[in-house]
Amino acid sequence: MGAGIAHAFLISGSDVVVVEANDDAAAAASERVAASVDKSLARGLAGTREEWLGHFSTATSKAALAHVDLAVEAVPELWDLKVSTLREAESHLAEGVVLASNTSSLSIDGLAAELQRPGLFLGLHFFNPVPASKLIEVVWGAATDDEVLASVRGWVEALGKTAVVVKDSPGFASSRLGVSLAIEAIRMVEEGVGTPEDIDNAMVLGYGHASGPLRTTDIVGLDVRLDIATYLAQELGPRFAPPQLMMDMVERGDLGQKSGKGFYDWA
């Protein structure tokens, strides 16, 4: 996800630095961004690989954020990790620089309460695959300054994407709706109502969805959606309780596309 976000800003004309935890992770990020740029060039992006990657760099210290105009956090959906990452990033940002979280479900108000400059913080929820997606969910918290919201709309427009602006609420709009549909689809598989392919085709061919809820869950990752469903069940009630099939699949490592197997075989 982080590499996809980096790619989106890079091809919009920005200088981009990706900060990773260690050298191996930084090297892997470089490879993912380079591969993504290669795909864009193959689809007709003007310029050369060297020209584009000349505006991209990696680092293993958040001190590299000292000169950025916008910082986007994209670590896994674990509260303590989010808070520690955001706090450290914030400590290196120049005055007035906006800090955003790519969280898909965690409370923006809750995260803002852990920061020194909550007025400069908000959610920027990107969607996979980031380069192809046209949507960014902008989540404003109670403390978010109006000027920040306006400037972030400009960033989204510069990326060639559309902003959907929502206030902080469990699951926001996209995760709340997407996970709700996915949970019901998983229950239907669990109950033997239909195969994953048939259930997905009902939504793709019947309702015009670009991808069915089970294939989308495979792409997002069952572990990611399990975390979101668990959080939403705590915040909004048992209608979001994850199905047993979902928990069993995560426990045995069938996480979807990234593990090679989920509701579909990705090998």
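All figures in this text were calculated on a predicted structure; none of them were measured in a lab.

> What should I look at first to understand the packing of aromatic side chains in this one?
To describe a pair of aromatic rings, you give the distance between the ring centres and the angle between the ring planes. On inspection of all chains with the given rule, the structure shows two aromatic pairs. Judged by centre distance (5.7 Å) and plane angle (70°), the ring pair of Phe9 and Trp155 falls under edge-to-face. In this pair, Phe9 sits in helix α1 (residues 2–10) while Trp155 sits in helix α6 (residues 146–158), placing the two residues 146 residues apart along the sequence. Given a relative accessible area of 26%, Trp155 falls into the partly exposed group. Site record: aromatic cluster; members linked through ring pairs are Phe9, Phe126 and Trp155. The ring of Tyr264 is capped by Arg215, whose NZ or CZ atom sits 4.2 Å from the centre of that ring.

> Would you mind showing me how to read the domain arrangement of the protein here?
By convention, interface size is frequently given as the accessible area that disappears when the constituent parts associate. Domain annotation of the protein identifies domain 1 (1–167) and domain 2 (173–259). The interface of domain 1 with domain 2 comprises eight residues on the first partner and five residues on the second. Buried surface at the junction of domain 1 and domain 2, summed over both partners, amounts to about 670 Å²; 57% is from carbon and sulfur atoms. When the buried surface of domain 1 facing domain 2 is broken down by residue, Ser104, Ser105 and Glu137 rank first, second and third, together holding 48% of it. At the surface where domain 1 touches domain 2, the tally comes to zero salt bridges. The interface formed by domain 1 and domain 2 contains four residue pairs in polar contact (both at pLDDT 80 or more). Of the residues contributing to the side of domain 1 that touches domain 2, the split by class is three nonpolar, four polar and one charged.

> In this structure, what is going on with the pattern of salt bridges? I would like to understand it.
Note on pairing: side chains with opposite charge can pair once their charged atoms come close. Per the counting criterion, the structure on display carries eight salt bridges. The closest approach of N and O atoms between Glu88 and Lys62, which form a salt bridge, is 3.4 Å. With Glu88 in helix α4 (residues 79–92) and Lys62 in the loop between β2 (56–59) and β3 (70–73), this pair connects stretches of sequence that are 26 residues apart. Under the relative-accessibility criterion, Glu88 is labelled partly exposed at 39%.

> Would you mind showing me how to read the side chain of Ser133 here?
You can see Ser133 is positioned in the loop between β5 (121–126) and β6 (135–140). Ignoring sequence-local partners within four residues, the contact set of Ser133 consists of Phe127 and Lys161.

> Would you take a moment to explain helix α10 (residues 222–236) for this structure?
In an α-helix there are 3.6 residues to a turn, and that puts residues three or four apart on one side. With 15 residues, α10 extends 20 Å between its outermost C-alpha atoms, agreeing within 8% with the 21 Å of an ideal straight helix rising 1.5 Å per residue. Within α10, the full set of buried residues consists of Leu222, Arg225, Leu226, Ile228, Ala229, Tyr231 and Leu232. On its buried face, α10 sits against α7 (174–190), α9 (213–220) and α11 (244–251). Backbone geometry just after α10 places Gly237 at a positive phi near 115°.

Calculation criteria
- Residues numbered from 1 in each chain as written.
- Predicted model: local features only at pLDDT ≥ 70, side-chain atom pairs only at ≥ 80, totals over all residues.
- Heavy atoms only, no water.
- Phe/Tyr/Trp six-rings, centres within 6.5 Å; stacked < 30°, edge-to-face > 60°.
- Helix = DSSP H or I, 4+ residues; strand = E, 2+ residues; numbered from the N terminus.
- Buried < 20%, exposed > 50% of the residue type's maximum accessible area, 1.4 Å probe, protein only.
- Lys NZ or Arg CZ within 6 Å of the ring centre and 35° of its normal.
- Domains from an automatic or database assignment.
- Contact = heavy atoms within 4.5 Å.
- Buried area = accessible area lost by both parts, 1.4 Å probe.
- Salt bridge = Lys/Arg side-chain N within 4 Å of Asp/Glu carboxyl O.
- Polar contact = N/O pair within 3.5 Å; in protein donor to acceptor, adjacent residues only side chain to side chain.
- Nonpolar A, V, L, I, M, F, W, Y, C, P; charged D, E, K, R; others polar.
- Expected span 1.5 Å × (residues − 1).

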